[in-house]
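# Structural overview
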Amino acid sequence: MSTTTRGSSADQGREKSSGVRTQTLDRALQVLQLLSDGRARTSQDIGDALGLHRSIVYRILRTFENRNVVSRGTSGRYRIGLGLATLAQPAIDALDDRVGAVLQDLANAVQATALFCVPQGDDAVVLYSTRPQGRSTSIAVRQGSRMPLDAGAPGSALLALMAPREHEASEVTLARQLGVVKSYGQPYAGLGAIAAPVRMIDGHPAALCVVFAAGDADEQGAQNALRGAAGQLMQPSAMWEH
């Protein structure tokens, strides 16, 4: 006869002390984070990647599938579903209102492509990409693009918003001290990037970045424009109401 036991009071205490972090929810969020790169995967693929038993992954996926948070194709592979977009839409709309105009003004001021990036796992993800108006040629960066946090200015800016780490790169320390950081050849080969860390009003870390061909930007002007744009995004919400 099988029995089930509740966690001990010591276990519950540890859970409370770690911010009421539940294992089931944590695993479910890991699944979503893995699928967020756009690749379709089987339950076995997901289990192997996360070190979870396939049965655990399958239960999570079926729950998400019932809520349209993930969808399963005819091949049996799963990907992010439209239900997640519905849940996220209010936050996206609010972010659009704040970021869109600031990013376009930044791109126009610097005459370079401007990016708004957020951290996800070990990557920086481009949520918004805006090209300068009135310029016939500019660099195209796809929304949803990913780059390692340890490769280039956007990642350094995001890491600068986190607690200092032992042996962290000098670029991260510089971003934390100066509010801007530069890189060349990373994250985009042959291009320069300047980024500024931004702590959004809800506390979420983000980075503003401009990307340009070497010698094709006023770097000091770009740094000043980035600091100004970052300051705008960190203003209380009331400053954006009309």
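Anything mentioned here points back to the structure above.
Residues numbered from 1 in each chain as written. Predicted model: local features only at pLDDT ≥ 70, side-chain atom pairs only at ≥ 80, totals over all residues. Heavy atoms only, no water.

## Some words on the packing of helix H3 (residues 43–50) against helix H4 (residues 54–66)
Spelled out, the test is: Note on geometry: axes are C-alpha line fits, over the in-contact stretch for helices, and angles between N-to-C directions span 0 to 180 degrees. Runs of H or I in DSSP of at least four residues are treated as helices and runs of E of at least two as strands, each being numbered from the N terminus. Oblique is the label for every angle not falling under 35 degrees (roughly parallel), over 145 degrees (roughly antiparallel), or within 65 to 115 degrees (roughly perpendicular). Less than a right angle of anticlockwise turn of the near helix away from the far helix marks a crossing as left-handed, whereas a clockwise turn marks it as right-handed. Pairs of residues are marked as contacts when any of their non-hydrogen atoms sit within 4.5 Å.
Two numbers describe how H3 lies on H4: the axes approach to 9 Å, and their chain directions differ by 120 degrees. For the element pair H3 / H4, the angle class is oblique. The way H3 lies across H4 gives a crossing that is right-handed. In this structure, H3 uses Ser43, Gln44, Ile46 and Gly47 to contact H4, whose residues at the interface are Arg54, Val57 and Leu61.

## Some details on the sheet that holds strand E6 (residues 181–184)
How we decide: Between any two strands, pairing holds if DSSP finds at least two bridges.
With respect to topology, 6 strands assemble into an open sheet ordered E5-E4-E3-E8-E7-E6, the strand pairing being antiparallel. Strands at the two margins of the open sheet, each flanked by one partner only, are strand E5 (146–148) and E6. Here the average twist between neighbouring strands, direction ignored, is 30 degrees. Across 3 bridges, strand E4 (residues 123–130) lies against E5 in antiparallel orientation. For aspartate 123, the partnering residue across the bridge sits in E5 and is proline 148. Strands strand E3 (113–120), E6, strand E7 (191–199) and strand E8 (205–213) of the sheet are contacted by helix H8 (residues 219–233), whose axis makes an angle of about 25 degrees with E7.

## Observations regarding the environment of aspartate 150
Summarising the element assignment, aspartate 150 is placed in the loop between E5 and helix H6 (153–159). Residues aspartate 150 and aspartate 123, 27 residues apart in the sequence, show an inter-C-alpha distance of 8.3 Å.

## Looking at the environment of isoleucine 60
Using the following cut-off: Remark: exposure states derive from per-residue accessible area (1.4 Å probe, protein chains only) relative to the maximum for the residue type, with buried under 20%, exposed over 50%, and partly exposed in between.
With respect to the helices and strands, isoleucine 60 occurs in helix H4. Owing to a relative accessible area of 10%, isoleucine 60 belongs among the buried residues under this scheme. Spatially, the C-alpha atoms of isoleucine 60 and threonine 24 are 8.6 Å apart, while their sequence positions differ by 36 residues. Among residues more than four places away in sequence, those in contact with isoleucine 60 are Arg27, Ala28 and Val31.

## Details of unusual backbone geometry
Following glutamine 186, the chain continues to proline 187 via a peptide bond in cis, the omega torsion being 0 degrees. Among the structural elements, proline 187 can be located in the loop between E6 and E7. Backbone geometry places histidine 167, a non-glycine residue, at a positive phi of 65 degrees. Summarising the element assignment, histidine 167 is placed in the loop between H6 and helix H7 (170–178).

## Things to note about the nonpolar core
The criterion, for reference: What we call a nonpolar core is a set of buried Ala, Val, Leu, Ile, Met, Phe, Trp, Tyr and Cys residues that are connected through their side-chain atoms within 4.5 Å.
Counting 25 residues, the largest nonpolar core has Phe116, Leu208, Val210 and Leu233 as its most contacted members. Listed by contribution, the elements that provide at least two residues to this core are helix H5 (82–110), E3, E7, E8 and H8. In terms of nonpolar packing, the next biggest core, distinct from the first, is built from 22 residues, Leu115, Val172, Val181 and Tyr188 among them.

## A look at the side chain of serine 129
So the rule is basically this: Each polar contact in these results corresponds to two N or O atoms within 3.5 Å; when the atoms are within protein, one needs to be able to donate a hydrogen and the other to accept it, and residues that are neighboring in sequence are counted only if both atoms are side-chain atoms.
Among the structural elements, serine 129 can be located in strand E4. A residue is classified by how much of its surface remains accessible, and serine 129, at 19% relative accessible area, is buried. Here the side chain of serine 129 touches valine 141 through a polar contact of 2.7 Å, landing on its backbone oxygen. Apart from the residues within four sequence positions on either side, serine 129 is in contact with Leu103, Thr113, Ala114, Leu115, Val141 and Gln143.

## Description of the packing of aromatic side chains
To keep it simple, the criterion reads: When the centres of two rings from Phe, Tyr and Trp lie within 6.5 Å, Trp using its six-membered ring, the rings pair. Their planes under 30 degrees apart give stacked, over 60 give edge-to-face, and anything left gives tilted.
Counting across every chain of the model gives 1 aromatic pair. Centre to centre, the rings of phenylalanine 116 and tyrosine 128 are 6.0 Å apart; their planes meet at 65 degrees, and the pair counts as edge-to-face. On the criterion of sequence distance, the pair formed by phenylalanine 116 in strand E3 and tyrosine 128 in strand E4 is long-range, its members being 12 residues apart.

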